[in-house]
Amino acid sequence: MPPEEAGHPAGPVDTATSATVPAVDARRRALAWWLIATVIVADQVTKLLVQRHIPLFDSITIIPGLLDLVHIHNAGVAFGFLNDVAHPLRSALTMMLALAALAAIAYYARQVDPEERLARAGLSLVMGGAAGNLIDRVRLGHVIDFIDVYRGHWHFWAFNVADAAISCGAVLIFAELFLTRRHASHPR
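Now for a look at the structure at hand.

Let us look at the overall build of the protein. For the protein, the helix and strand inventory stands at 4 helices and 4 strands. Its helices and strands in sequence order give the protein the pattern α-β-β-α-α-β-β-α, from N to C terminus. Burial analysis of the protein (188 residues in total) assigns 29% to the buried set. Considering only intrachain contacts with a sequence separation of at least 6, the fraction spanning at least 24 residues in the protein is 63%. Entry remark: accessible area of the protein is about 12,000 Å², with carbon and sulfur atoms responsible for 70%.

With that out of the way, let us pick up unusual backbone geometry. Phi angles above zero are rare outside glycine, and Phe57 is one such case at about 70 degrees. Judged by relative accessible area, Phe57 falls into the exposed class, the value being 68%.

Further remarks concern the nonpolar core. Ranked by internal contacts, the top residues of the largest apolar core, which has 14 residues, are Leu102, Ile105, Leu123 and Met127. Those elements that provide at least two residues to this core are helix H2 (90-111) and helix H3 (117-140). Looking at this core element by element, the count peaks at 7 residues for H3. Setting aside residues no more than four positions away along its own chain, Ile105 makes contact with Leu123, Val126 and Met127.

What follows concerns the environment of His71. Relative to the helices and strands, His71 resides in strand S2 (residues 67-74). When its relative accessible area of 5% is taken as the criterion, His71 is described as buried. The contact partners of His71, leaving out residues within four places of it in the chain, are Val50, Gln51, Ile54, Pro55, Leu56, Phe57, Asp58, Ile144 and Asp145.

Definitions and cut-offs
What you see as residue numbers is a count from 1 along each chain, following the sequence as written. In keeping with the model being predicted, local features are shown solely for residues with a pLDDT of at least 70 and side-chain atom pairs are shown and tallied solely at 80 or more, while totals for entire chains, interfaces and linings include all residues. Water and hydrogen atoms were dropped before computing side-chain values, which therefore reflect all heavy atoms in the structure. Every helix listed is a DSSP run of H or I at least four residues long, and every strand listed is a run of E at least two residues long, numbered separately from the N terminus. Classification of residues uses two cut-offs on accessible area relative to the type maximum, computed with a 1.4 Å probe and protein chains only: under 20% is buried, over 50% is exposed, and between them is partly exposed. The contact definition used throughout considers only heavy atoms, calling two residues in contact when any of these lie within 4.5 Å. For the accessible areas, the method is Shrake-Rupley and the probe is 1.4 Å, while residue cover comes only from the protein chains on display. To qualify as a nonpolar core, a set must consist of buried Ala, Val, Leu, Ile, Met, Phe, Trp, Tyr and Cys residues joined through side-chain atoms within 4.5 Å.

Put into structure tokens, the structure is as follows:
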């Protein structure tokens, strides 16, 4: 019986390459999980420090006229959307949206080619950030935001480490999509 019919490829097998591919994949997966965990831990530790050291609605100036640390609760979603909505199911809705987003991100991550390193790193940052904010929603019913960037009377939305990770992750994903030639949407 020919080797290809017996389940073996025709010709010599490069055992060095075939043995290292699973090891490389395992390393990439471990790195992705490490990045996700690092974002979650950094996010939760910084939020805990803010809760313990900055009273609600108070602030500490870091760079005058540019950066303050504040303690704000965001009961809405991104950029304070739905923050002013007074509905008894708002907390459940925001948690369901966060869970759906995490599920969609995890599904998309499974579709990304292993060679798309920027996209994989970006997805890890997004997943870590989404998980960090979801932990707040489940534990507290809101997300703690504490970074206030401003100029004069103009203030950007207050944000946190999870939000920053999500934003940086999105930039990496788009960089993979638009700045490189190889990605899942372009078949080889």
